[in-house]
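# Examination of the molecular architecture
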Amino acid sequence: MTTQTLQQPSLLLASLKADTNIKPFLQRCQELVKVINDYPAKELHQIFPWLVESVFGSLDGVIAGWNLRFLHARSAEYNIAMDFLDPSGPMMKLVYKLQAEEYKYEIPVNYLPGPVKAAIQEGVLPDCPLFHNKLQFPLSGLLSLSLALNPFEFYMFNLASSLISPKSYPPGQQGANSDSAYFVLVDTYLKYFLPTEGSVPPSPFSDSRGSVSPPTPRPPSGSFPGYAVHPSSLLKRHLSHQPSITADPAAQEIWRSETLLQVFVEIWLHHYSLEMYQKLQSPQVKLALLQYRLSMSSMLCQPAAPPGSGTLHSYQVLLPFTHPTPLGAPEEPFSPTEEHVLAVRLLVKHLHAFSCSLKPEQVSSTSPSAHPHTSPLEDLKRVVVQRFVQQKLYVFLQHCFGHWPLDASFRAVLETWLSYIQPWRYTGDRSSPQTDQNRAVPDKWSFFVQENLLMYTKLFQGFLNRVVRTDLVNAKNALMVFRVAKVFAQPNLAEMIQKAELLFLEPEYVLHPRQHRAFLTPAHGGSFLSARQPVVTDAVFRVKGHVYGLEGQDCQYRRMFGAELREAVLKLVQIIAQARQTAKGISDHSAEGVTSGSLWSWFGLGPPELSHTFSGAETSDTAEGLRKTHEFLERALDNLCVIFRLNPGQVAQLVAQMGSSQRDVISRQLPDSIQGENGLVLTDLGRLQIINGLRRFEIEYQGDPELQPIRSYENALLVRLLFRISSLINTKCGGHMETLCSRGDFLGRLSCHFLSSPAPNGSGRSPVTRRSLERSRRPRLSLRPLASYRTLLVLLLLYLLGALLSLGPVSCTFLILTGAFLLGLFVTLFGDKLKAQ
């Protein structure tokens, strides 16, 4: 690499691009480190967008980048990539170097989440500091709108977007794991910029002007229409009380923490429809939005503002434009992937740990005047969960509960939900982990339950609607029911939820007539760590503000501990009882199949192999899986009784009744069907019974035993050869065999034993024609058992035994035939008595 004095920026970029295809990964990273250290910011500015794209991939998914989602610790490139992208590594050094010069990089609006893009196209900017004063209006028109981001925002935007951008998987890869380089890197950034201990390390490139300052807060008196009601940045509010920007060095650095958090939340959680988000707004915001649209219609008759005039503040009219596509056009709903949900869970868990690390002496109040000397980071800990995450996560989870497939992959969504509603798990207190399962939820978390009531009740109802349509015989699905029941059965949690519901049902006169219901919502600065004012009034404001803020003023709240949901829980209890008995019936049936292969079957006294039931079950339906299913469902029933105070005696009686009826279904009854010309034909009810695991057919071969497929325990060559020999004998001697077997004396019964092949079941369960049934019942000689490896092994052992006794092959053959004849006599005389036993 030549010195920077001899190489123009364009040549530098071209050289780095050429190195990508010819040099190994380690050498390329080493040369990038040298470039970052040696070149000035003016020249690094030219390569920064390309470098970010080469690491995280392009926003449209065409360029894969380093494939961090598929890079694991066992890979040789893992440590190299992690060292390069470390918060204190060369890549972040480049970001800070460019940040000090206040360069801007553009992100097309088309790559923003759907609701944000739709809002901008309607002429409204979301009230998120990430979008303040960032929108650019090029001369080419609305379709090329873009956001001008600083280097730190641009870098984090690409990091977050690489998780959800469409990319083609490398060969052999279907999805990323939580131990990939991407998840480790996200976790590292969260711990670095949102530390649970200490403060955020300062930027190494802060000069006398400080790092790039956040935009000035908008005036509180201005009321603009929009579709978000989040307050201005915590940092901006904090800085407004400072005499100068350099008075508190920590205030210069916390903006990175807020920026990281805002980018992750906006990119990962903001993927629901604009109509869904508008439903959450207060009447004041809806009225302002209506006034805005009326003013827009009048502005269409006025001269248009000149394009390219720079940026505009949030909630202001962008341009009097005509939307390029019809408003309200149907769009395909966003479908998050499992790794997307795992990243959201990682964010939720860390934010709980970050919030719970607030010092005890600062938990008592959220008022800035109460703690004039607290750092901005401590102020952020106090409100981070409620203000930044709650609303978007609620709608995100609600979308997943309604659209996720009914399979075991829902476990990722479930664990994300359970992680959010259990912040006490992340307090760092592990003094007695062995009793953590029975430890009561501390009373101090009642504020959190009140401010997140819908997270507990509404999403529990959504889970209930899912689980009644799920196959609970599957152990993975049964585990999810057990997990939810176990969480809600924690001591004191159900009581907290019930008290919060009673607070919401307080009459309306408790609220001050001039006070808006959204007072103390997360969007208006409420916090689960806030100090209580007048007890009842403050709690009622908190709960009502939360519910109305998330569901709208006209919501119809369904109580979790009301009569309607109690009936739904009892229905779930019945389904659990059915699933338990189904699992037990399948397990018992499998055990009977194994027991039937006893020693008698080696001599033809047991059921023949050809009529054994084919397994056809999934891996989760094995003996171990069925045992786990029974255990999970039994413990889930116990926990549901604790949560909803169900009478154990009534539940036990209900389970016993369901068990007896289900046992009849499994053992004797068939799916509902009608008799057709060629056998049974399923009805719609029968199909539903099979889908839900209530009834099932025994899958068994019912055709001609001689024509059944060659089994794995048979020699194919011998099967074909012996079939030809037996067919030739049966063709020539079939009449004599039929005459002999039709006799009613002992000789006739003995002939039937040797000449009649095992007839298929006469139950008519399979669509087998009558002609084929009659043909398979005719007396005939069957030599196919001699092709079985088991029979050949027995004959080999008998011939070896004869050799040890100095018997020749002819003598051994005569003795074997004699023994087979005597065994036939024994079975003919005593076979019926043995089968009865």
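Our subject is the structure that appears above.
About the thresholds
- Residues numbered from 1 in each chain as written.
- Predicted model: local features only at pLDDT ≥ 70, side-chain atom pairs only at ≥ 80, totals over all residues.
- Heavy atoms only, no water.
- Helix = DSSP H or I, 4+ residues; strand = E, 2+ residues; numbered from the N terminus.
- Polar contact = N/O pair within 3.5 Å; in protein donor to acceptor, adjacent residues only side chain to side chain.
- Core = buried A, V, L, I, M, F, W, Y, C linked by side-chain atoms within 4.5 Å.
- Buried < 20%, exposed > 50% of the residue type's maximum accessible area, 1.4 Å probe, protein only.
- Contact = heavy atoms within 4.5 Å.
- Salt bridge = Lys/Arg side-chain N within 4 Å of Asp/Glu carboxyl O.
- Phe/Tyr/Trp six-rings, centres within 6.5 Å; stacked < 30°, edge-to-face > 60°.
- Lys NZ or Arg CZ within 6 Å of the ring centre and 35° of its normal.
- Patch = residues over 30% accessible without salt bridge, like charges linked within 9 Å, V, L, I, M, F, W, Y side chains within 5 Å.
- Areas by Shrake-Rupley, 256 points an atom, 1.4 Å probe, with all protein chains shown as cover.
- Pairing = 2+ DSSP bridges.
- Axes fitted to C-alpha atoms, helices over the stretch in contact; angles between N-to-C directions.
- Parallel < 35°, antiparallel > 145°, perpendicular 65-115°, else oblique.
- Left-handed = near helix turned anticlockwise from the far one by under 90°.
- Nonpolar A, V, L, I, M, F, W, Y, C, P; charged D, E, K, R; others polar.

Time to look at the side chain of K134. Following the sequence through the fold, K134 ends up in the loop between α6 (114–122) and β2 (135–136). Looking at K134, its side chain comes within polar contact range of the main-chain oxygen of L130, at 3.1 Å.

Before going further, it helps to examine the nonpolar core. One broad rule of soluble globular proteins: the nonpolar side chains tend to lie buried together. L68, Y155, W268 and W417 are the most contacted members of the largest nonpolar core, which totals 173 residues. For this core, the element with the most residues is helix α14 (residues 376–403), which contributes 13 residues. The residues touching L68, leaving out its near neighbours within four places in the chain, are V55, F56, A81, L85, S180, A181, Y182 and L185.

As a further point, take α6. Considered for burial, the residues of α6 that qualify are P115, V116, A119, I120 and Q121. Following α6 by one or two positions, G123 has its phi on the positive side, about 100°.

Moving on to the pattern of salt bridges. Under the definition given, this model contains 22 salt bridges. For E415, the salt bridge goes to R483, with nearest N and O atoms at 2.9 Å. Within this pair, whereas E415 is found in helix α15 (residues 411–420), its partner R483 is found in helix α18 (residues 475–488), the two being separated by 68 residues in sequence. This pair shows no difference in class: E415 is buried, exactly as R483 is. Here D745 makes a salt bridge to R743, at a shortest N to O gap of 2.6 Å. By relative accessible area, R743 is classed as partly exposed at 40%.

Here we come to the packing of aromatic side chains. Throughout the structure, instances matching the rule amount to 27 aromatic pairs. With a centroid separation of 5.5 Å and an interplanar angle of 75°, the aromatic rings of F152 and W255 are classed as edge-to-face. Here W255 lies in helix α10 (residues 249–269) and F152 lies in helix α7 (residues 151–164), a separation of 103 residues in the sequence. Ring-pair connections join several aromatic residues into one group, and the members of that group are F401, F410, W417, Y456, F460, F463, F488, F561 and F644. Above the plane of the ring of F410 lies R466, whose end atom (NZ or CZ) is 3.8 Å from the centre.

Right, let's get into a nonpolar patch on the surface. On the surface, a cluster of nonpolar side chains totalling about 780 Å² of accessible area is made up of V794, L798, L801, L804, L805, L807, F814 and L815. Of all the elements, helix α28 (residues 789–804) adds the most residues to the nonpolar patch, at four residues. Relative to the helices and strands, L804 resides in helix α28. When its relative accessible area of 71% is taken as the criterion, L804 is described as exposed.

A word on the sheet that holds strand β3 (residues 146–149). Strand order in this open sheet of three strands is β1-β3-β2, and the pairing throughout is antiparallel. The open sheet has two edge strands with one neighbour each: β1 (105–108) and β2.

This part covers the packing of helix α2 (residues 25–38) against helix α5 (residues 90–99). One way to put it is that α2 packs onto α5 with a least axis distance of 10 Å and a crossing angle of 25°. With respect to α5, the element α2 is oriented roughly parallel. The crossing of α2 and α5 is left-handed. Of α5, the residues touching α2 (which contributes V33, I36 and N37) are P90, K93, L94 and K97.

This part takes up the pairing of strand β5 (residues 679–682). Working note: regular strand, side chains alternate between the two faces of the sheet. Where strand β4 (residues 673–676) and β5 come together, four bridges link them in antiparallel fashion. Paired with Q675 across the strands is L680, a residue of β5. Two successive antiparallel strands, β4 and β5, enclose a turn made up of two residues.

Moving on: the side chain of R345. Inspection of the secondary structure puts R345 in helix α13 (residues 338–356). At 2.9 Å, the side chain of R345 forms a polar contact with the side chain of S419. When near neighbours in sequence (up to four residues on either side) are disregarded, R345 contacts E415, T416 and S419.

Looking now at the environment of A353. Tracing the sequence through the fold places A353 in helix α13. On the basis of relative accessibility, which here comes to 22%, the residue A353 falls in the partly exposed class. As a C-alpha pair, A353 and K381 span 28 residues in sequence and 9.5 Å in three-dimensional space. Beyond its immediate stretch of four places on either side in the chain, A353 contacts T196 and Y426.

What follows is about the pairing of β1. Residues Y105 and I107 point to one face of β1 and are all buried, whereas E106 and P108, pointing to the other face, are not buried. Relative to β3, β1 is paired through four bridges, and the arrangement is antiparallel. Residue pairing across strands places Y105 opposite L149, the latter belonging to β3.

It is worth spelling out the environment of S409 at this point. Summarising the element assignment, S409 is placed in the loop between α14 and α15. Residue classification places S409 among the partly exposed residues on the basis of a relative accessible area of 21%. Apart from the residues lying within four places of it in its own chain, the contact partners of S409 are E338 and W404.

Take the packing of helix α17 (residues 453–467) against helix α19 (residues 493–504) next. Where α17 contacts α19, the two axes come as close as 10 Å, and the packing angle between them is 100°. Our classification of the angle between α17 and α19 gives roughly perpendicular. Residues L453, Y456 and T457 of α17 form the contact with α19, whose participating residues are L493, I497, A500 and E501. Partitioning the contact of α17 with α19 into residue classes produces five nonpolar, one polar and one charged.

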